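Tertiary structure, described
What follows is each chain in one-letter form.
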Amino acid sequence: MTDPDFDDRKARAAAWFRALRDQIVAAFEAVEDSHGTGPMSDRAPGRFEVTDTKRHAPDGSDAGGGLMSVMRGGRVFEKVGVNVSAVYGQLGDAAQRSLTARKEIPGLDSDPRFWASGISLVAHMQNPHVPAVHLNTRMFWTPGAWWFGGGTDLNPCIEYPEDTADFHATLKAHCDPHGPDLYPRFKEWADEYFYIPHRKRARGVGGIFYDDYCTGDWDADFAFTQDVGKSFLPAFLAQVDRRRGMAWTDADKETQLIHRGLYAEYNLVYDRGTKFGLQTGHDPDAVLMSLPPFARWV
């Protein structure tokens, strides 16, 4: 399963996540430019602010980093972050326990080196009729194991069944070439993963989620992860284009703010990526960029 020389594969994965980031940033800025009529159209189109992120080992040495790209106060996007990173070093005790609780990783206790790269995106929208959305795909390597993970899910505060159906149909179309079992399996996993036990409800209308994904064929697993990333823009932008011109009421905005509180609770209490990022010393602003700009609790 393991290969003593994963440098080329690591580089290919990191380059893909960066390329996907560039595509999404360009597409979202184009949405801002094209929003010429409707609510918020009198604003200047939003633009991403890009910041280098750095991670350091406990001894102060370089441990990787990435780019944090955040757009705030746009015509269509109230806040959206698109982060990429490639980080490395040694896993601390808490991170080791977190990983080995899910799967056996040979030799991790004696050689806790790791490398991880991925893209993480969360978008919170101005218009309550346009759903919030999340995307994450990543590759993880240790000397004893490697795997991919990620997924995407839709989080409307005002649900439109046709939007949900279209979003899932696009995901299924991108999953099916890799095996007819993947979409239903990963849809069910998303329904379980994005459930909020203390609220006894899901945080949205689902999508797909997978983790620890390793068939033993790195190229095939990477191709699947790429197609998950490729599904995102067609799946999400269809919802944006359909809803961004709709008028909203104060009651609609209140519904949105309360739903954002639900989203924040999930990310702070349950999300694996948030926990791992904070445990491994990554830039906390980058880790917590998923939080909404405004939220409300009743």
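I will try to describe carefully the structure that is included in this document. All chains use their own residue numbering, which begins from 1 and follows the written sequence. Reporting in this predicted model follows two pLDDT cut-offs: at least 70 for local features of residues, and 80 or more for side-chain atom pairs to be given and counted; totals over whole chains, interfaces and linings ignore these cut-offs and use all residues. Side-chain figures throughout are based on the complete set of non-hydrogen atoms in the structure, without hydrogens or water.

Side note on the overall build of the protein
- Looking only at helices and strands, one finds 8 helices and 9 strands in the protein.
- Projected onto its principal axes, the C-alpha positions of the protein cover 60 × 45 × 35 Å.
- For every residue, the accessible area (1.4 Å probe, protein chains only) is compared with the maximum for its type, and the residue is labelled buried under 20%, exposed over 50%, or partly exposed between those bounds. Looking at the protein as a whole, 54% of its 298 residues qualify as buried.
- Accessible areas in this description were obtained via Shrake-Rupley with a 1.4 Å probe; residue shielding takes into account the shown protein chains only. A total accessible area of about 12,900 Å² is found for the protein, and carbon and sulfur atoms account for 52% of it. Where helices and strands are cited, they refer to DSSP runs of H or I of at least four residues and of E of at least two residues respectively, numbered from the N terminus.

Let's talk about the pairing of strand β5 (residues 132-142)
- Summarising burial for β5: 10 of the 11 residues are buried, a large majority.
- Across 9 bridges, strand β4 (residues 113-125) lies against β5 in antiparallel orientation. Within β5, the position partnered with Ala-123 by the bridge is Val-133.
- A pair of strands is labelled paired if DSSP reports no fewer than 2 bridges between them. Across 11 bridges, β5 lies against strand β6 (residues 145-155) in antiparallel orientation. The residue of β6 that forms the bridge with Val-133 is Leu-154.
- Between β5 and the antiparallel strand that follows it, β6, lie 2 residues.

A few points about the nonpolar core
- Buried Ala, Val, Leu, Ile, Met, Phe, Trp, Tyr and Cys residues form a nonpolar core when they are joined through side-chain atoms within 4.5 Å. Membership of the largest hydrophobic core comes to 51 residues, with the highest contact counts inside it found for Ile-24, Phe-28, Phe-77, Leu-121, Met-139, Phe-232 and Phe-236.
- In terms of residue count, helix α5 (residues 218-243) provides more of this core than any other element does, 10 residues in total.
- Core analysis: the next-biggest nonpolar cluster, separate from the first, contains 11 residues, Leu-91, Ala-95, Phe-114 and Ala-116 among them.

A closer look at the environment of Glu-49
- Assignment of secondary structure puts Glu-49 in strand β1 (residues 49-56).
- Residue classification places Glu-49 among the exposed residues on the basis of a relative accessible area of 54%.
- Distance from Glu-49 to Asp-59, taken between C-alpha atoms, is 30 Å for residues 10 residues apart in sequence.
- Leaving out residues up to four positions away in the same chain, Glu-49 has contacts with Met-68, Ser-69, Val-70 and Arg-72. Here a residue-residue contact requires only that any non-hydrogen atoms of the pair lie within 4.5 Å.

A short note on the environment of Ala-169
- Relative to the helices and strands, Ala-169 is located in helix α3 (residues 161-175).
- By relative accessible area, which is 45% here, Ala-169 ends up partly exposed.
- Along the primary structure Ala-169 and Val-50 are separated by 119 residues, whereas in three dimensions their C-alpha atoms are 33 Å apart.

Comments concerning the packing of aromatic side chains
- Stacked, edge-to-face and tilted labels apply to pairs of Phe, Tyr and Trp rings (six-membered ring for Trp) whose centres lie within 6.5 Å, assigned for plane angles under 30 degrees, over 60, and everything in between, in that order. Evaluated as defined, the whole model comprises 25 aromatic pairs.
- Both rings, one in Phe-186 and one in Trp-189, keep their centres 6.2 Å apart while their planes meet at 50°; by these two values the pair is tilted. Within this pair, Phe-186 and its partner Trp-189 are both found in helix α4 (residues 182-193), separated by 3 residues, close to a single helical turn.
- Between Phe-186 and Phe-224 the ring centres are 5.8 Å apart and the planes differ by 50°, which places this aromatic pair in the tilted class. Residue Phe-186 is found in helix α4, and its partner Phe-224 is found in helix α5; the two are separated by 38 residues along the sequence.

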